Structure formats: C-alpha cells, structure tokens
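Spelled out from the first residue to the last, the chains are:
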Amino acid sequence: MQQTLSIIKPDAVKKGVIGKIIDRFESNGLRIAAAKKLQLSQAEAGKFYEVHKERPFYGELVEFMTSGPVVVMVLEGENAVAKNRDLMGATDPKKAEKGTIRADFAESIDANAVHGSDSLENAAIEIAFFFAKKEIC
C-alpha cells in the first residue's frame, strides 16, 4: 500500500471538475486518505516548487499555482504513485493518452489540471508539506 500526493490545480478547480477528477482516482482503486481545498500563498507555492527554482518556468508556475484555490489530496492504494501518474497522463495534454485526466480536463502544458508525486520519496516529502500525520485517515 502506497501513498502519493495529488493536487487539483487552479484551472481544474475553476472549471468545476473536482468531482470528476476524484471519481477517476476512486474508480481506479485509489482511496482518498486526506483532502483539503486551500489557496496557496506565493511563499508556499515557491517553497513547494523550489526544486524547479532554476528553471525558466518557475516564476510562471508559482504565479499559476497561486491564481486560485487548489485541492490537495493524499491518495492511497497499491502502486499509488505509478497509478496516479498513469491516470494523469502526459504533462502536455496534447500528448496525453485519450481518457487520462490531462487529456480530458487540461488546456495546456502550463494549465495541466493536476500534479502528482513522481516517486515514493517525493510523495513522502510532498504529503508532509501539506498534511500533518493526524490529518491522514
């Protein structure tokens, strides 16, 4: 049993597809162990995406992630990291397989609907960034 972090990004929240995205997770064997809706500050988004600080898209990413509320979740299940990444699809929705979250709900490589941890190690770090242990059921 693994846990991974998922973020429904501001573009998908604004479109009103939170429930549709959560249904994809639950219909594919992932359980919601924790969830909350919040508005990230510039400092929080900057710290969360600090790994990308030297990349040219960092500033735009932080600005986008603070442009509206997000839904952060801990997903739990067998091979949760890989399963979530498969469900999300490629970062560029134009290259994402039909039926993936990004193919169905994202508009661009920047406004790509969801974030998911890319490894178990990063999942643990990302989960701890947003959730106290007592918040995870």
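Residues numbered from 1 in each chain as written. Predicted model: local features only at pLDDT ≥ 70, side-chain atom pairs only at ≥ 80, totals over all residues. Heavy atoms only, no water.

Explanation requested: the UniProt feature "active site" (unreviewed entry) in the protein chain in the structure shown.
Listed under "active site" (unreviewed entry) in the UniProt record, and renumbered for this structure, are His115. Topologically, His115 is positioned in strand S4 (residues 114-116). Leaving out residues up to four positions away in the same chain, His115 has contacts with Leu5, Ser6, Ile7, Lys9, Phe48, Tyr49, Met88, Arg102 and Glu126. (UniProt positions renumbered as here; feature names shortened; annotations may be inferred. Helix = DSSP H or I, 4+ residues; strand = E, 2+ residues; numbered from the N terminus. Contact = heavy atoms within 4.5 Å.)

Whenever I open this one, the UniProt feature "binding site: ATP" (unreviewed entry) in the protein chain confuses me. Can you help?
According to UniProt, the positions carrying the feature "binding site: ATP" (unreviewed entry) are Lys9, Phe57, Arg85, Thr91, Arg102 and Asn112. Put simply, the named residues that line the largest pocket are Lys9, Phe57, Arg85, Thr91, Arg102 and Asn112. Looking at where Thr91 falls in the secondary structure, it is placed in the loop between helix H5 (80-88) and helix H6 (101-105). For Thr91, a relative accessible area of 41% corresponds to the partly exposed category. Apart from the residues within four sequence positions on either side, Thr91 is in contact with Arg102, Ser108, Ile109 and Asn112. Take Asn112: it is sitting in the loop between H6 and S4. Of the residues examined, Asn112 reaches a relative accessible area of 3% and is grouped as buried. (1 Å grid on protein atoms, 1.4 Å probe; cavity = no way out; pocket = protein on both sides within 12 Å on 5 of 7 lines; lining within 4 Å. Buried < 20%, exposed > 50% of the residue type's maximum accessible area, 1.4 Å probe, protein only.)

Honestly, the sheet that holds S4 in this entry has me stumped. Any pointers?
Note: strands within a sheet are paired through backbone hydrogen bonds, in either parallel or antiparallel orientation. Sheet architecture is open: 4 strands sit in the order S2-S3-S1-S4, paired in antiparallel fashion. Single-partner strands in this sheet number two, and they are strand S2 (31-38) and S4. Ignoring strand direction, the axes of neighbouring strands in this sheet form an average angle of 20°. Relative to strand S3 (residues 70-77), S2 is paired through 7 bridges, and the arrangement is antiparallel. Residue Ala34 lies in a different strand from S3, and its bridge partner there is Val74. Packing against the sheet, H5 makes contact with strand S1 (2-8), S3 and S4, and its axis sits at approximately 30° to S1. (Pairing = 2+ DSSP bridges. Axes fitted to C-alpha atoms, helices over the stretch in contact; angles between N-to-C directions.)

Just checking my understanding: could you explain the pairing of S1 for this structure?
The side chains of a regular strand alternate between the sheet's two faces. Burial analysis of S1 places 6 of its 7 residues in the buried class, which makes it a mostly covered element. Both S1 and S3 contribute to a ladder of 7 bridges, which runs antiparallel. For Thr4, the partnering residue across the bridge sits in S3 and is Leu75. Two strands pair when backbone bridges link them, and S1 and S4 are joined in this way by 3 bridges, in the antiparallel orientation. Looking at S4, one finds that Ile8 is bridged to Val114.

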